[in-house]
Amino acid sequence: MTPRKYLVLVAIVVFASCGDTSLSYGMKRVGAISAARWTELIAAVFNPWVALGIVLLLGFLAAYLSALSWSDLTYVLPATSFGYVLLALLSIGLLHEKVTLARWIGILLVSSGVAIVTRGPSATARPASRSRAAGEKP
Amino acid sequence: MSALRTWCAIAGIVLSSTAGDVLLSRAMRQIGDVGELRRREGLAAVLKAVVTHPSFLLAICFLATSFFGLLLALSWDDVSLVVPASTSLSYVTNAFAASLFLRERVDRRRWLSALLVCAGVAVLAT
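Residues numbered from 1 in each chain as written. Chains lettered and ligands numbered in written order. Predicted model: local features only at pLDDT ≥ 70, side-chain atom pairs only at ≥ 80, totals over all residues.

*Asks:* Explain helix H6 (residues 108-125) of chain B here, please?
*Replies:* Within an α-helix, residues lying three or four positions from one another point in the same direction, as the helix has 3.6 residues per turn. Taking 1.5 Å of rise per residue, the 18 residues of H6 of chain B would be expected to cover 26 Å, and the 25 Å separating its terminal C-alpha atoms lies within 8% of that figure. Along H6 of chain B, the residues classified as buried are Arg110, Ser113, Ala114, Leu116, Val117, Cys118, Gly120, Val121, Val123, Leu124 and Ala125 of chain B. Buried residues in H6 of chain B make contact with helix H4 (73-79), helix H5 (82-93) and helix H6 (101-118) of chain A together with helix H5 (79-101) of chain B. (Helix = DSSP H or I, 4+ residues; strand = E, 2+ residues; numbered from the N terminus. Expected span 1.5 Å × (residues − 1). Buried ≥ 20, exposed ≤ 12 C-beta atoms within 10 Å, placed from the backbone. Contact = placed C-beta atoms within 7 Å.)

Below, the structure written as structure tokens:
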């Protein structure tokens, strides 16, 4: 794992957390949309916070696809679950939400999972690379 | 009866999101390191390779199914049950599916990590 690759994993966490938060904040400002008036969903896209959320989630998708191109799925998913901890810490720090014992246990469990998986190899060793990145013909 | 309906929806969400993630992983592994591909052939070549890959397109269908399944389940039951259950269970099903279909080496370290994250997400999201 190179520093650039760790940076991609951090980008996944940051883009996903900020994208979800922005989308959620924007949709709360737009208000509830009923199934009968679903066309209002299209108008919601033009809300600045929703638009920012979509851009950030596109950034997440690009970083996620990049990570999957050189890493195992069973490495990327737990390694990037730190976003849940980040969101919990942000809600504690910025929104001054109450820190329950259950929440601390959740943070501890996810952090332990991330710490364990990131100490191991990021990809399964394969006999020969079949990727086009290795310069072979597909 | 309504609990059974919700759990069937959760099972559908978990299975379709797992299928989506496994297919995405398969597509990206076949394409190879996108960083190297971008340096060699440019960003347009990377985008073309990704969006025209059959596994990627199928993955998007499964992920869209999972998303609409989530919306459906949320209209039936509480968010505090649907979101933690579907999110946390998908860590375990992904480990099974990656081992079975992607031939990833899911050793004790990765199983332990998946189970810890699964439990942690369930606790945090509730």
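Let us keep going from here.
*Asks:* Which parts of the structure should I look at to understand the packing of helix H3 (residues 48-70) of chain A against helix H1 (residues 2-31) of chain B?
*Replies:* Helix-helix packing is characterised by the crossing angle of the two axes and by the distance between the axes. Following both chains from N to C, one finds H3 of chain A and H1 of chain B inclined at 65°, their axes separated by 7 Å at the closest point. Considering how the two elements wind past one another, H3 of chain A and H1 of chain B form a crossing that is right-handed. Contacts between H3 of chain A and H1 of chain B involve Leu65, Leu68 and Ser69 of chain A from the first element and Leu24, Ser25, Met28, Arg29 and Ile31 of chain B from the second. Counted by class, the contact of H3 of chain A with H1 of chain B contains five nonpolar, two polar and one charged residues. (Axes fitted to C-alpha atoms, helices over the stretch in contact; angles between N-to-C directions. Left-handed = near helix turned anticlockwise from the far one by under 90°. Nonpolar A, V, L, I, M, F, W, Y, C, P; charged D, E, K, R; others polar.)

*Asks:* What am I meant to see in the nonpolar core here?
*Replies:* If you look at soluble globular proteins, the nonpolar side chains tend to sit buried side by side. Ile12, Ala67 and Val110 of chain A together with Leu124 of chain B are the most contacted members of the largest nonpolar core, which totals 53 residues. Of the residues forming this core, the biggest block, eight residues, is contributed by H6 of chain B. For Val110 of chain A, the contacting residues outside a window of four places in its chain are Ser81, Phe82, Tyr84 and Val85 of chain A together with Val117, Gly120, Val121 and Leu124 of chain B. Formed by nine residues, the second largest nonpolar core is a distinct cluster that contains Ile13, Leu70, Val82 and Ala85 of chain B. (Core = buried A, V, L, I, M, F, W, Y, C linked by C-beta atoms within 7 Å.)

*Asks:* Please explain the interface of chain B and chain A as it appears in this structure.
*Replies:* For interface size, the figure often reported is the accessible area lost on association. Counting from both sides, the interface comprises 34 residues of chain B and, opposite them, 30 residues of chain A. Residue assignment for the side of chain B that touches chain A shows that the elements contributing at least two residues are H1, helix H2 (34-41), H5 and H6 of chain B. Looking at the side of chain B that touches chain A element by element, the count peaks at 12 residues for H6 of chain B.

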